[in-house]
Amino acid sequence: MPARFKNYLVYFCLSLCLWQPIYALIFPSGDNIKNKTAPDAARTDIFNAIGRSMNTGNGSGSAVYLGGKYVLTANHVNLLSNISFDGSTLYEIDSAFGKRQIGDKDLKIIKLEKVPTGLVGVTLNTATQETNKIGTLVGWGRGRSPSDTDGSNGWTWGNSATEDKRWGENKIAGTGIYPTYSDPNNTYTNTPVLITVLNNNTDDDEAAAAYLDSGGGIFAKFGTQWRLVGLTILSGDPSNFNNSDQNFFVRISSYASAIEALIPDPSILSDWKVDHSLYNADADNTADTDFDGIGQLLEFALGGDPNANDISILPTHALAEDGGSSYLELTVTRPKDLQGITYTPITTTDLTSWPSGSTGIVDDTPTPTDNGDGTETLIYRRSQAVSGVDQAFIRIEASEN
């Protein structure tokens, strides 16, 4: 659980205050049973994309699903061993991946061992017209104390029994640069932020973030698209919230490209290995972690999963009739747009004398057929009819450029 930070002095045009990091939403109106499901169909995906770091029964902060196996959270959130997006299904964090911090800012990417089921990754905002938009906050932390009724003395944060995923709204009042704040291991300086104020300037769903909301998000609508515009990092007093208090969010438009650059690209062999949790000896091109006889390089080249035994990805042979003669063909299905891989068809009439190139192949770069599912199929044919030889063989070799 992140420590409560002290003595953050920061100047903005809005106010001069002391701030603390935040980690559930507090509503001036309503109570803790409010806003626990997506506000509407258009915001279902962004609501579902907010998770929490947890073990069974415990939480330590919120997180935002980016897509694939990757999650964004605040660097100061002390991660537990799993992320859950529904409060019950646990997705184990890949500890070998560690964290990838975005520069020296309070942002980090973590990796899950498996792709979460049924979730859509958020869209990172790159536009800079966030001010005055009504943002949708989503976080997974504590609500207000059940003893608070009218809020005349502020709203006290509740105990662990009030922790839940909620959404609320607040106007993005402005932008700024947060000079400095610290956690036990890091100091964050000159962070571009978005600012919201708890001052009843939206509607009955107006909310402020509270304990365990750090790593959650604020979303704004651009056209018909809801985008992640800020990652929740800081709020006011560590135990309550009052009118005029502010929340701060790392401004995503300042870091969208840096975030995307740190997410492994599965079209690149080295990144594909990381994406499949292949480290050290398991990442060798010839390693076979699923014991299906297919090494990692060929798994990559043919679109396989190195952690799931499956020989169905291997090329297939067939005889093709053409002009009254039969020709040996090899059919290869592969992912589209892989980078850094060369495919070389090789043929021979015995199994001991394979040539170094594609001599005897009609076309070593045939036009692929797009299968419409992210894969394409190529067919390689021997130039000599089978009637002219006693036996013939054909294979495909994949090599790393």
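Note that the coordinates shown come from a computational prediction; the quantities given were computed from them, not determined experimentally. (Residues numbered from 1 in each chain as written. Predicted model: local features only at pLDDT ≥ 70, side-chain atom pairs only at ≥ 80, totals over all residues. Heavy atoms only, no water.)

Caption draft 1: Region of the structure containing the overall build of the protein. Regarding its fold elements, the protein presents four helices and 26 strands. Relative to its full complement of 401 residues, the protein shows a buried share of 51%. Accessible surface computed for the protein: about 17400 Å², of which carbon and sulfur atoms make up 47%. (Helix = DSSP H or I, 4+ residues; strand = E, 2+ residues; numbered from the N terminus. Buried < 20%, exposed > 50% of the residue type's maximum accessible area, 1.4 Å probe, protein only. Areas by Shrake-Rupley, 256 points an atom, 1.4 Å probe, with all protein chains shown as cover.)

Caption draft 2: Just the packing of aromatic side chains, in detail. By the definition in use, this model includes seven aromatic pairs. Plain terms: the ring middles of Tyr70 and Phe97 are 5.9 Å apart, the flat faces sit at 55° to each other, and that makes the pair tilted. Of this pair, Tyr70 sits in strand β7 (residues 70–73) while Phe97 sits in the loop between β9 (91–92) and β10 (100–101), and the two are 27 residues apart along the sequence. The class for Tyr70 is buried, based on a relative accessible area of 3%. A residue is classified by how much of its surface remains accessible, and Phe97, at 9% relative accessible area, is buried. Where Tyr178 meets Phe248, the ring centres are 5.1 Å apart and the plane angle is 80°; that geometry is what we call edge-to-face. Within this pair, whereas Tyr178 is found in strand β14 (residues 164–182), its partner Phe248 is found in strand β20 (residues 246–251), the two being separated by 70 residues in sequence. Residues Tyr178 and Phe248 agree in their burial class; the two are buried. (Phe/Tyr/Trp six-rings, centres within 6.5 Å; stacked < 30°, edge-to-face > 60°.)

Caption draft 3: View of the pattern of salt bridges. Evaluation of the coordinates by the stated rule reveals 14 salt bridges. Arg43 serves as the salt-bridge partner of Asp40, at 2.7 Å between the closest nitrogen and oxygen. Take Asp40: its relative accessible area is 30%, and that puts it in the partly exposed class. Of the residues examined, Arg43 reaches a relative accessible area of 9% and is grouped as buried. Residue Lys105 pairs with Asp104 through a salt bridge whose shortest N-O separation is 3.5 Å. Exposure remark for Asp104: the relative accessible area of 42% places this residue in the partly exposed category. By sharing partners, the salt bridges in this structure join Asp40, Arg43 and Glu169 into a single network. (Salt bridge = Lys/Arg side-chain N within 4 Å of Asp/Glu carboxyl O.)

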